[in-house]
Amino acid sequence: MLDGSIKIILILTILIFNSACTLSLDTFGKISPASLTDEQLPKEIKGNFPLGKAPFAAEEIAKIRPSTGNRFVALDTLKKKILIYTSEGTTIKEVQLLNHSSFYPTTLGVDSQGIIYVVARDEGASPAPSTESVLKFDSNGNSLGTFMEFSRELSGGSLENPDVHQIRFDSADNIYFGMYYFDQVRLYNKTSGNLMKAYGMGSGLGNGEFFGHLESFTVDSGGYIWATDGASQRLQKFKPDGSYDSQILLPQSSQTGDLAVLDDGKILIAEIGGGSTRLLALNSSGATVYSQDGALGGGTAYLPVGNPLTFSVVGNEIFAGHWSDVRVFDRDTGMPLRSFGPTLKQPLAVARDNAGNTYVSEFAGGIKRFDKNGAKDLTFATGTVFYDLHCDSKGTIYAPDAANKKIKKFSTAGDPLGTLAQGKVAAPVGISVTKDGGVVIVDSASAVILGPYRALVKVNADNTVAWELPAGQEGIDMAFGVAINAQDEIFVTDLANNNITRLNPAGQSITTISQPGISFGQLTQPTGITLDDFGNIYVAEFGNSRVQKFNSAGIAKTE
């Protein structure tokens, strides 16, 4: 139960929405799998979940690099995965690295042939020393084994691994590693793995030394190395032979992410400092060409404060990754060009047909259809807000239109098929159909300016009321979505309590599913809900702009 002030806020939210919401679906119609042979059993429909995730989807992008075939490769350090994308951020492949608690992938590089190198640290079991190695993959993410394993060296009075922060390549695809604890950039032969050259003279404030450890580096087209450290506010330049060349004083003391020298001589730095994350471009003398945090017209900055961002320059554009977000900037001016947002915005309801298509309504109006692979392929009924969706065994989609006091029907192709219940409902915001032809409705108090959620109502096929649950009964404070399984058990999303309540056919609570939150398997403002004949639960989240899938036991699933 919620206290009164939170209830008021939620009620006001619904008033602003102009209605409540819900959804439902009978994926395989009235057929019960228990009544069929193995050959007749429908196959569980799978897809790519969560739906609505943004292009370049990742939990934590550590590095993003261009690859061959107009693709990008990124490292998700939180999920310990290599992610291969199209140029527009569609995920082509996910490569799961070792997924145990002592294994930590730290950075990634891609050479001109698309070969992927990943540096990973394995802490191992105490007292065994940790190891740091370089794993090698082809352009499609297939393992090519271990390229090399680093030796521990004396640093600060103790033996340390190098702690590689970045990987770069020369024109022959020989490999440079930026070694944080060793305070050097080292060049290795791409075939033998033999050390070819070292840049940097250890820790200190002298020319060629790194104070507060080496932080970021890049290699320009002439083979010069440019590098920053953690505390001296210097960008130092080294000659191709490894000797010190010169330095530039940076505008402010800051932490640097990626670093690049463009073909026109501009130096591009991703940095955090002065309360913002930004892209900083300098000329060869160190004067600022532009400093861009991504804000447009005083609006929200594209690049929020956080860990240093990663970027790659492709043609005249900069693709900048920051945690789970990728934005594109103009290389010459630094101005934001576009962002890759979710394909869904504030979803309200979800339903699936027996071909595996998924239908999602949005708060802005309309219904979007996603095919069985998770790709959006159709939008229809734009301009009308539907707070529930239900698809029957014949492929008819039922969509309660609260503002106009009726149920609209559509084909799976989005064609109108007429209306139901016009003049018989006050504010239908949720509906699901029982085996006997009755319906369970989420009812709001007003059809014009909706008051608070009123009740969950079971209406028989003859239009008589079987039972009614006013707000607060059976632990439901604000029903929003409703779905019914083959046993006529009722699943209700609760917008106020951020969970799902399971009821028996008589309207009595059996259990609750999930808990409030933004993590995988948690819910924030759950709205639409639907089931398939295997008991899987599909839930649309207004608060998290996604659709999640749970099995019949309430465990979140990824397919």
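Worth saying up front: this structure is predicted, and the values here are computed from it rather than measured.

Student: Got a minute to help me understand the layout of surface pockets in this structure?
Tutor: To find the voids left in a structure, one rolls a probe of water-molecule size over its atoms. For the second largest pocket, the calculated volume is near 910 Å³. Mapped onto the lining of the second largest pocket, the elements with two or more residues apiece are strand E1 (61-67), strand E5 (103-110), strand E11 (164-169), strand E15 (214-219), strand E19 (255-261) and strand E23 (310-314). Taken together, the residues of the lining of the second largest pocket break down into twelve nonpolar, nine polar and nine charged.

Student: Is there a simple way to think about empty space enclosed by the protein in this case?
Tutor: A full pass over the atoms with the stated rule returns one cavity of 30 Å³ or more. Taken as a whole, the largest cavity holds about 50 Å³ of empty space. Its residues assigned to classes, the lining of the largest cavity shows two nonpolar, eight polar and two charged.

Student: What exactly am I supposed to notice about the pairing of strand E32 (residues 397-401) here?
Tutor: Burial of E32 is extensive: five of the five residues sit out of reach of the surface. Burial along E32 is two-sided: Ile397, Ala399 and Asp401 and Tyr398 and Pro400, pointing in opposite directions, are all buried. Both strand E31 (residues 390-391) and E32 contribute to a ladder of two bridges, which runs antiparallel. Across the sheet, cysteine 391 pairs through a bridge with isoleucine 397, a residue of E32. Sheet topology places E32 next to strand E33 (residues 406-410); five bridges connect them, and they run antiparallel. Its bridge partner being in E33, aspartate 401 is matched across the sheet by lysine 406. Turn length for the E32-E33 hairpin, with the two strands adjacent in sequence and antiparallel, is four residues, and the turn residue lysine 405 shows positive phi of about 60°.

Student: I tried to follow the pairing of E1 on my own but got confused; where do I start?
Tutor: Looking along a regular strand, one sees side chains alternate from face to face of the sheet. Most of E1 sits inside the fold, with five of its seven residues counted as buried. Here E1 runs beside strand E2 (residues 71-76); their pairing, made up of six bridges, is antiparallel. Bridge pairing in E2 places serine 67 opposite arginine 71. Adjacent in sequence and paired antiparallel, E1 and E2 are bridged by three residues, among which glycine 69 carries a positive phi angle near 70°.

Student: Explain the side chain of aspartate 401 here, please?
Tutor: Relative to the helices and strands, aspartate 401 is located in strand E32. The class for aspartate 401 is buried, based on a relative accessible area of 1%. Of note is the side chain of aspartate 401, whose polar atom sits 2.8 Å from the side chain of asparagine 404. Setting aside residues up to four positions removed in sequence, aspartate 401 forms contacts with Thr384, Val385, Phe386, Lys406, Ile407, Lys408 and Pro428.

Student: Could you clarify how one ought to interpret the sheet that holds E31 in this entry?
Tutor: Within a sheet, neighbouring strands are paired by backbone hydrogen bonds and run either parallel or antiparallel to one another. Taken together, four strands build an open sheet; the order of strands is E31-E32-E33-E34 and the sheet is antiparallel. Every interior strand has two partners, whereas the edge strands, E31 and strand E34 (416-420), have only one.

Student: Whenever I open this one, unusual backbone geometry confuses me. Can you help?
Tutor: Backbone phi values are negative for most residues with the exception of glycine, while trans is the configuration of most peptide bonds. Its identity as a non-glycine residue notwithstanding, asparagine 70 has a phi of 60°, on the positive side. Following the sequence through the fold, asparagine 70 ends up in the loop between E1 and E2. A positive phi angle, near 60°, is found at lysine 80, a position not held by glycine. With respect to the element layout, lysine 80 can be found in the loop between E2 and strand E3 (81-86). By relative accessible area, which is 10% here, lysine 80 ends up buried.

Student: Sorry if this is basic, but what is going on with the environment of aspartate 377 here?
Tutor: Take aspartate 377: it is sitting in strand E30 (residues 376-380). Judged by its relative accessible area of 38%, aspartate 377 falls in the partly exposed class. Counting along the chain gives 20 residues from aspartate 377 to asparagine 357, while the straight-line C-alpha distance between them is 9.6 Å. Beyond its immediate stretch of four places on either side in the chain, aspartate 377 contacts Arg369, Phe370 and Asp371.

Student: Would you explain the packing of aromatic side chains in this entry?
Tutor: The full count for this structure, using the stated rule, is 17 aromatic pairs. Ring plane angle 75° and centroid distance 5.1 Å describe the contact between tyrosine 180 and tyrosine 181, whose orientation is recorded as edge-to-face. In this structure tyrosine 180 comes out as partly exposed when scored by relative accessible area, which is 21%. An aromatic cluster is defined as three or more aromatic residues linked by ring pairs; in this entry it consists of Phe56, Phe72, Tyr85 and Phe319. Here the basic side chain of lysine 80 rests over the ring of tyrosine 104, its NZ or CZ set 5.4 Å away from the ring centre. The positively charged end of lysine 237 is found above the aromatic ring belonging to tyrosine 224, 4.6 Å away from the centroid.

Student: Help me understand the sheet that holds strand E44 (residues 537-541) in this model?
Tutor: Read across the sheet, four strands follow the order E43-E44-E45-E46 without closing on themselves; strand pairing throughout is antiparallel. Each having just a single partner strand, strand E43 (526-531) and strand E46 (556-557) make up the two edges of the open sheet. Note: E43 against E44, four bridges, orientation antiparallel. Looking across to E44, one finds that isoleucine 529 is bridged to valine 539.

Student: How should the nonpolar core be read in this particular structure?
Tutor: A general feature of soluble globular proteins is that nonpolar side chains tend to end up buried together. Counting residues in each nonpolar core, the largest one holds 22 residues, and the members touching the most others are Val440, Val442, Tyr453, Leu456, Ile490, Val492 and Leu503. When contributions to this core are tallied by element, the ones reaching two or more residues are strand E36 (439-444), strand E37 (453-459), strand E38 (465-470), strand E39 (479-484) and strand E40 (490-494). It is E39 that contributes the most residues to this core, four residues altogether. Dropping the residues within four chain positions of it, valine 492 is found in contact with Leu456, Ile476, Ala479, Gly481, Val482, Asn499, Ile500, Thr501 and Leu503.

Student: I'm lost on the pattern of salt bridges in this one. Help?
Tutor: When their charged atoms lie close together, side chains carrying opposite charge are able to pair. Under the defined criterion, the tally for this structure stands at 16 salt bridges. Linking glutamate 271 and arginine 278 is a salt bridge whose minimum nitrogen-to-oxygen distance equals 2.3 Å. Assessed through its relative accessible area of 1%, glutamate 271 is described here as buried. With a shortest N-O distance of 2.7 Å, arginine 546 and glutamate 541 are connected by a salt bridge. Classification of glutamate 541 by relative accessible area gives buried; the value is 0%. When salt bridges with common partners are traced through the structure, they connect Asp263, Asp264, Lys266, Arg331 and Asp332 into a single cluster.

Rules used in this analysis
- Residues numbered from 1 in each chain as written.
- Predicted model: local features only at pLDDT ≥ 70, side-chain atom pairs only at ≥ 80, totals over all residues.
- Heavy atoms only, no water.
- 1 Å grid on protein atoms, 1.4 Å probe; cavity = no way out; pocket = protein on both sides within 12 Å on 5 of 7 lines; lining within 4 Å.
- Points joined across faces, edges and corners; volume = space filled by probe spheres on them.
- Helix = DSSP H or I, 4+ residues; strand = E, 2+ residues; numbered from the N terminus.
- Nonpolar A, V, L, I, M, F, W, Y, C, P; charged D, E, K, R; others polar.
- Buried < 20%, exposed > 50% of the residue type's maximum accessible area, 1.4 Å probe, protein only.
- Pairing = 2+ DSSP bridges.
- Polar contact = N/O pair within 3.5 Å; in protein donor to acceptor, adjacent residues only side chain to side chain.
- Contact = heavy atoms within 4.5 Å.
- Phe/Tyr/Trp six-rings, centres within 6.5 Å; stacked < 30°, edge-to-face > 60°.
- Lys NZ or Arg CZ within 6 Å of the ring centre and 35° of its normal.
- Core = buried A, V, L, I, M, F, W, Y, C linked by side-chain atoms within 4.5 Å.
- Salt bridge = Lys/Arg side-chain N within 4 Å of Asp/Glu carboxyl O.

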